[in-house]
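Read off the chains here:
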Amino acid sequence: MGVIHAWGAYLLSSGFKLSEISIVIDSSANSLCPCQSGRAYADCCRRYQQTDSADYLRPPTPEALMRSRYTAFVLGLSDYLSATWHPTTRPASLEDSSEVDWKSLRIEHSAQHGEEGTVTFEARFKDATQWHALKETSRFVCEQGHWLYVDGDANWSSLTVGRNDACPCGSGKKAKKCCL
């Protein structure tokens, strides 16, 4: 589990609000947003996820919503995931993903046509024993100015990673020098 995820999940489960733990996230050694936009978390997905803040903004595009939802998975923000899931397809509860360490996100394609949009992406993650990849084309709809995740066509696969292979996290380092 990543340091940011572990501390964020612990503090959120202890009753802190996201706005109260932003110092922990912002002052970490890696303050880049987990969505891999290249921007700081505070200037990227955090502004969409602070629904209890006066600075709260709605994601303006399906891709921005998808990135903020990926970041919510990384940080364990289940309330945000539920709030951005269309009520007709939202599950009654979300599975605990604390055993999953989300490592990388790559946007392959993003399109918006009026009130509908799609985002095709690949997310890589590691569980207790193995690396995996999720490749999905997600569907979004905009209702009353809010983009919502509807559903997606997902393909899950396990990855075989050798010590001298490129690390699946996307760092560009060999796996043995990075996440193995």
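Residues numbered from 1 in each chain as written. Predicted model: local features only at pLDDT ≥ 70, side-chain atom pairs only at ≥ 80, totals over all residues. Heavy atoms only, no water.

## Quick notes on unusual backbone geometry
Argument step 1. Backbone geometry at Q36 places phi at a positive 65 degrees, although glycine is not the residue there.
Argument step 2. You can see Q36 is positioned in the loop between α2 (18–26) and α3 (46–49).
Argument step 3. In the Ramachandran plot, Q144 falls in the positive-phi region, its phi being about 50 degrees despite a non-glycine side chain.
Argument step 4. Relative accessible area serves as the criterion here: at 79%, Q144 is assigned to the exposed category. (Helix = DSSP H or I, 4+ residues; strand = E, 2+ residues; numbered from the N terminus. Buried < 20%, exposed > 50% of the residue type's maximum accessible area, 1.4 Å probe, protein only.)

## Some details on a positive patch on the surface
Argument step 1. Together, R163, K174, K176 and K177 give the surface a local cluster of positive charge.
Argument step 2. Take K176: it is sitting in the segment after β4 (146–159). (Patch = residues over 30% accessible without salt bridge, like charges linked within 9 Å, V, L, I, M, F, W, Y side chains within 5 Å. Areas by Shrake-Rupley, 256 points an atom, 1.4 Å probe, with all protein chains shown as cover. Salt bridge = Lys/Arg side-chain N within 4 Å of Asp/Glu carboxyl O. Lys, Arg positive; Asp, Glu negative; His and termini not counted. Charge placed at Lys NZ, Arg CZ, Asp CG, Glu CD.)

## Concerning the environment of N155
Argument step 1. Relative to the helices and strands, N155 resides in strand β4.
Argument step 2. Of the residues examined, N155 reaches a relative accessible area of 55% and is grouped as exposed.
Argument step 3. Once the C-alpha coordinates of N155 and E122 are considered, the two residues, 33 residues apart in sequence, prove to be 9.4 Å apart.
Argument step 4. With residues up to four places along the chain from it excluded, the contact list for N155 reads A133, L134 and K135. (Contact = heavy atoms within 4.5 Å.)

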